[in-house]
Amino acid sequence: MSNVSYHISNLLEKMTSTDKDFRFMATNDLMLELQKDSIKLDEDSERKVVTMLLKLLEDKNGEVQNLAVKCLAPLVSKVKEPQVETMVDTLCSNMVSDKEQLRDISSMGLKTVIAELPLSSSGLNLTASVCKKITSQLIGAMGKQEDVSVQLEALDILSDMLGRLSGALVGFHSSLLSSLLPQLTSPRMAVRKRSILALGHLVPCCSPALFSQLTEHLLTELAKGPPTSVTRTYIQCLATISRQGGHRVGEHLEKLIPMVVKFTGVEDDELREYCFQAFEAFIRRCPKEMSPHVATVTKLCLKFMTFDPNYNYDDDEEEEEDSMDIEDGLDEESDDEYSDDDDMSWKVRRSSIKCLEALIGTRRDLLLSFYSSVCPALLARFKEREENVRADVFAAFSTLLRQTRVGSSHHGLVVAPGSDPGSGRGEEEEPAVAMLKKQVPLIVKALHRQLKEKSIKSRQGCFCLLTELSHTLPGALEPHIPALIPGIVFSLTDKSTSSNMRIDALSFFHVLLLSHPPQAFQPHMQVLLPPVVACVEDSFYKITSEALLVTQQLVRVMRPQGQTATAGGFDPKPFVRQVFSVTLKRLKATDIDQEVKERAISCMGHMVCHLGDHLGAELQGVLAIFLERLKNEITRLTTVRTITLIAASPIKIDLSSILSETLSVLGSFLRKNQRALKLGTLACLTALVTHHAAAIKPAALEPVLSELPALVDEADMHVSQVSVTLLTCMAKACPSSLAKISSSVLPGVFRLVHSPLLQGGALAAILDFMQALVLSKTSNLGYSQLLKSLTEPFHSSPSSVDGGGVHRQSIHSVARCVAALSSACPKETPGTVAGLIQEVKSPGSPESARVLALLCLGEVGRSGSLGGSKEVQGVILEAFTSTSEEVKTAASCALGSMAVGSLNDFLPFLLKEISSQPRRQYLLLHSLKEVISACPASSLSPHVESIWALLFQNCECQEEGTRNLVAECLGKLTLVNPAQLLPRLKQQLKAGSPLARSTVVTAIKFTIVDQPKIFLKTSTLQDNDINVRRVALVMFNSAAHNKPSLIRGLLGTVLPHLYKETQIRKDLIREVEMGPFKHTVDDGLDVRKAAFECMYTLLDSCLEGLDVLQFLDHVEEGLKDHYDIRMLTFLMLARLVSLCPAAVLQRLDRLVEPLKATCTTKVKAGSVKQEFEKQEELRRSAMRAVAALLAVPEVERSPSMADFANQIRTNADMASIYQSVQGGEGGLGPAESMDMS
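Residues numbered from 1 in each chain as written. Predicted model: local features only at pLDDT ≥ 70, side-chain atom pairs only at ≥ 80, totals over all residues. Heavy atoms only, no water.

As named in an unreviewed UniProt entry, the chain is TATA-binding protein interacting (TIP20) domain-containing protein, taken from Lates calcarifer. The UniProt entry for the chain carries the following comment under Sequence similarities (unreviewed entry): "Belongs to the CAND family." (UniProt positions renumbered as here; feature names shortened; annotations may be inferred.)

What follows is the structure, given as structure tokens:
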């Protein structure tokens, strides 16, 4: 300690030296000392250091002063409160001194101190007391009218302080407001501007009463009709307040809008600009409250976006027809005569267009009306003369296109031209797209002239807009390509064009090539190729790499895949040389940017793939370069993909020169740890083995074969799947090679088959492999051998299915494999079946073997090879009486599968059993479900009536499990003939008992998934029976999830009922006595849960149809409900924060309380372990919602939320939960990004 104070007193001594260099160095050393974390000062040193630094602020030398200010920052956190206050006092009094330099330095010092004040709760007292001091001094300083620069500094510091520490200043808000408001009328522009900024920082965290006071003040002042300059300030202030305070302005809009509308009529351009900025802020911050005023604002925007009193556009229209370059030239000059510097009308135009853009961006629901009113107006403004304004017109139009795309993106791409627009896709979004299609010719007409203008900014705007258009309507520009090509070529060849302009032109051209058919470009090849080729030669790497992408697409255009040499009347021959030579030059170069290297490889790959037969002798040289690039770590992945492309080319490129070496390099890649490379290599090998098997010598495959066994492993199913596919190709193309590794690969394959993780694509790949293996007749891999290896584990394992080393899921996989083998060798089937039947019958065989045998019978029967064998039916019925649940379930699966294979034999038998055997009904219904799901409609239709009748007999069963099965069968059966059966389902809704109704509603849920048009009856949500209502909510949830388009139109009727179901109903809560304890049971819980689940789904699929604030009311109720529902609402809250933060901020104060309550509750000491776990889970879930809230920057401005955030930071328990939740969310990032490599 003494050591430090000795060192510091030494420095302080040097600071008093007369030599400025000594002072400078000593101050510098002090700063370095203070920045060390370990430094601790005793009180005496603290006082001395502070006094010294404050003295140095008045030093004659500017550099010393600057350093002294920098020392203040680390000092704030190192010294005790009284010293900080001394610092602040001195700085504040210096602020109002007469010396300008001292004032400047002191205000810098104050800003430094403010930036360093601690925000954590431990330092809050200090922060608060310092702020009080500064604030009271500043309010005094602002009152000093005589010296403007003091006022400006004071306002500046206030803004800083409010921006960072407004929470600590709550007590001062009203005095600050009353001292800031008079400044708005200050004669000095700068003072007014800074006061507005300070008010902007005050708004988000002041109390609602103060906010109203501020708005009332502005309204009263505006109502007095003050001079224009003052009005401007007030309107500007309104816009700032709205931007910062957001939703709070909502309740005052009714009074504000008419006022602002009135001022747009004043002949003052800047005032009008501010009015539109205010409108824009209102629209972006309170879209809902603005709804009644949208029409008024749109009308004003449309009126003022053409406001250009000093310029006449009339002669433009005729000129468009025969625009001659000379005339254009004259036009430019005449522009200059007009554009006098006083003309401010462009500001009005720009702000009104920005306001329109905000409207388009926030109100998707009005898209159609925008197309009829706003779209033509924007198109007409493409001729705007001010470059900046024109850029905004383009931006607004692009927003309109993006909104159209958002609408149709629910249904994949917009319907392609020529396909039937009524094909059930995007029906309700179509009108906007259709209206846009009508506008395309006008858009092109307005833009194609601008593509040749000198102004770079407007050309870039055009390209961006056209790119958006190609994304929104792929293929729509096809008829206009001849009009656009000169513009593209001009931007690529014009000498004065900047490199960014070229890149924009190339990237638009790339999008155009991707979204339009090749035939559209073929006639223009002569014009298009030279400029693109010239760009490939450009010295700037970004241009080269974009140009190579375009060239790659142009190669595709010259000869689309699958066309013969000159099909389609277009001969690529004349162009091949020039493309080839520039690409080759880039391909050979090794000293270029990596992106260019990769794109050159890819581009040349496309050339070889599409035009290889035109390259002649050059081809082998190119292939040799590819081989080199394959060995280079930087370019290997791209080259692997390129070789895959070439190997599969329909032109049958001769690869023999590089084959054997390529195979050995590819083999080495299979050992690498980079997953993308492994997958790419496997795909490449598959292509090579499939298309070039004849040229591959068995020895060349060795390096690959030795690597394959290790890749077939359940740790990475996708890699395994691709590896097995490669093995299948080998079994077909070069069986001799496969024989060598069968002993090492097969154990891995069998391990996969017996793995519980096997499913989907990987299982399908293994089935193919098994069949290929048997058919390839490779020495030791006969049918019986494979069968034995597959089924062995099930015979050796102990009696219980779970106890052995075999998992239940794997039994299904093995059964599929057995069926695949038997379908490949039909001669062997009867023997196998007989063996399986024996297996089921023999009492000695272990349970797992019996289950397997039953499932194998089912899978073999699925192909129809069992016929109606009576013996099999007997075996199944016998299995139904087994004591083991596993065997029963397997029997029901098997029966279903066999019935799929031979309907006429097994279905009548199945239906008879269902009606005569009530005890086995559940199992038999499972079989029936399998039949209905897997059979094609045509073969089922003769049996529909009998099944239908049978199901309706059972739809009122007391067992819910059975009812759900009946419902699923009914739903899937309805899809066999929806036109007839849907109305019959509807009738049942009116007639049946509550149980029957709930079954029918569930059945409808199963029809939704596959049926494009279907009725949804909202009446079921008002059913008297609580169970029917619950099931109806589950159905709506399913519909909202799978077919949101069905529900969008019904939201108006559905939502009130849905919200009604979220409320707790006292009449459904009853008390049950259990011995000495009373236990409350809430019968309404399941319905509420279903309702909240439905709400959660609607957030994702139908957000635009919801009134978010009303939605939030119910979420808020849910936050206080039962455990399950609270879990759901926490999830919803986190989702809402990311989807519509503005609305959540409006309700923040009401949402914080329940979150706080959950996070702070403790479980009673004597509770059971489950209670503790439940509470812990709840708190974590609530904390996730809090973390999501805290991620929104404006949240901490709310006093209640800031308070809660502090509470979390200070309470160790809550802080640790918060950290773990944060870590959990953040912990995914790196792991996922690792996987992408």
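Right, let's get into the overall build of the chain. Looking only at helices and strands, one finds 62 helices and 2 strands in the chain. Taken across its 1237 residues, the chain has 54% of its residues classed as buried. Long-range contacts, defined here as pairs at least 24 residues apart, represent 73% of the contacts in the chain between residues at least 6 apart. For the chain, the accessible surface area stands at approximately 53700 Å², while carbon and sulfur atoms represent 53% of it. (Helix = DSSP H or I, 4+ residues; strand = E, 2+ residues; numbered from the N terminus. Buried < 20%, exposed > 50% of the residue type's maximum accessible area, 1.4 Å probe, protein only. Contact = heavy atoms within 4.5 Å. Areas by Shrake-Rupley, 256 points an atom, 1.4 Å probe, with all protein chains shown as cover.)

According to UniProt, the feature "repeat: HEAT" (unreviewed entry) maps to residues 49–87 in the numbering used here. Strand forms 0% of residues 49–87 and helix 77%; the C-alpha atoms that close the span are 11 Å apart.

Before going further, it helps to examine empty space enclosed by the protein. The full count for this structure, using the stated rule, is 5 cavities of 30 Å³ or more. Size it by volume and the largest cavity reaches roughly 50 Å³. Along the walls of the largest cavity sit Ile1026, Arg1029, Glu1061, Gln1063, Arg1065, Leu1068, Gly1084, Val1087 and Arg1088, which together make up its complete lining. Of all the secondary-structure elements, those providing two or more residues to the lining of the largest cavity are α52 (1026–1042) and α55 (1085–1101). (1 Å grid on protein atoms, 1.4 Å probe; cavity = no way out; pocket = protein on both sides within 12 Å on 5 of 7 lines; lining within 4 Å. Points joined across faces, edges and corners; volume = space filled by probe spheres on them.)

Attention now moves to the side chain of Ser179. Along the chain, Ser179 falls in helix α9 (residues 173–180). With relative accessibility at 13%, the residue Ser179 sits in the buried group. Filtering out sequence-adjacent residues up to four positions away, Ser179 remains in contact with Ile139 and Met142.

This paragraph deals with the layout of surface pockets. As a volume, the second largest pocket reaches approximately 910 Å³. Elements represented by at least two residues in the lining of the second largest pocket include exactly α14 (269–285), α15 (287–290), α19 (345–362), α21 (387–408), α55, α56 (1108–1118) and α58 (1141–1146). Ranked by residues supplied to the lining of the second largest pocket, first place goes to α58 with 4 residues. When the residues that make up the lining of the second largest pocket are grouped by side-chain class, the tally is 12 nonpolar, 7 polar and 10 charged. Three or more residues apiece are contributed to the lining of the second largest pocket by two domains, here domain 3 (1015–1106) and domain 4 (1117–1224). (Nonpolar A, V, L, I, M, F, W, Y, C, P; charged D, E, K, R; others polar. Domains from an automatic or database assignment.)

It is worth spelling out the packing of aromatic side chains at this point. One pass over the structure, following the stated rule, counts 9 aromatic pairs. Relative to Phe508, the ring of Phe463 has its centre 5.5 Å away and its plane inclined at 35 degrees; by these criteria the two rings are tilted. Residue Phe463 is found in helix α23 (residues 456–472), and its partner Phe508 is found in helix α25 (residues 499–515); the two are separated by 45 residues along the sequence. Measuring from ring centre to ring centre gives 6.3 Å for Phe509 and Phe521, while their planes differ by 65 degrees; the resulting arrangement is edge-to-face. Taken as a pair, Phe509 in helix α25 and Phe521 in the loop between α25 and α26 (525–536) lie far apart in primary sequence, 12 residues in all. (Phe/Tyr/Trp six-rings, centres within 6.5 Å; stacked < 30°, edge-to-face > 60°.)

With that settled, the discussion passes to the packing of α9 against helix α11 (residues 208–223). The geometry of α9 relative to α11 is characterised by a closest axis approach of 11 Å and an angle of 10 degrees between their N-to-C directions. Relative to α11, the element α9 lies roughly parallel. In contact with His173, Ser174 and Leu177 of α9, α11 contributes Leu210, Gln213 and Leu214. (Axes fitted to C-alpha atoms, helices over the stretch in contact; angles between N-to-C directions. Parallel < 35°, antiparallel > 145°, perpendicular 65-115°, else oblique.)

This paragraph deals with helix α3 (residues 43–56). The first and last C-alpha atoms of α3 sit 20 Å apart over 14 residues, in line with the 20 Å expected at 1.5 Å per residue. Taken together, the buried positions of α3 are occupied by Ser45, Glu46, Val49, Val50, Met52, Leu53, Leu54 and Leu56. (Expected span 1.5 Å × (residues − 1).)

Here we take up the pairing of strand β2 (residues 1077–1082). Of all the 6 residues making up β2, 0 are buried; the element is thus mostly uncovered. As defined by bridge partners, strand β1 (residues 1069–1074) adjoins β2 across 6 bridges and the pair is classed as antiparallel. Residue pairing for β2: Val1072 is matched across the bridge by His1079. If you look at the hairpin formed by β1 and β2, you'll find 2 residues sitting between the two strands, and Gly1075 has a positive phi there, around 60 degrees. (Pairing = 2+ DSSP bridges.)

Located in the positive-phi region is Lys652, a residue other than glycine, with phi close to 50 degrees. Note that Lys652 resides in the loop between α31 (636–647) and α32 (656–669).

Moving on to the confidence of the model for the chain. Of the residues in the chain, 89% reach a pLDDT of 70 or more, and the chain-wide mean stands at 79. Between the elements of the chain, mean pLDDT differs from a low of 40, seen in helix α18 (residues 325–338), to a high of 91, seen in α19. For residues 409–429, every residue scores under 50 in pLDDT, and the model assigns this stretch 30 contacts once sequence neighbours within four places are set aside. Within the model, the stretch residues 1225–1237 combines pLDDT values under 50 with 5 contacts to residues more than four positions away or in other chains. (pLDDT = per-residue confidence, 0-100.)

A few words now on α25. Compared with an ideal rise of 1.5 Å per residue, which puts 17 residues at 24 Å, α25 spans 25 Å between its outermost C-alpha atoms and is within 8% of the ideal. Of all 17 residues in α25, 12 are buried, a share of seventy percent or more. Where α25 is concerned, the buried positions are Met501, Arg502, Ile503, Ala505, Leu506, Phe508, Phe509, His510, Val511, Leu512, Leu513 and Ser515. Residues of α25 that are buried make contact with α23, α24 (481–493), α26 and α27 (541–558).

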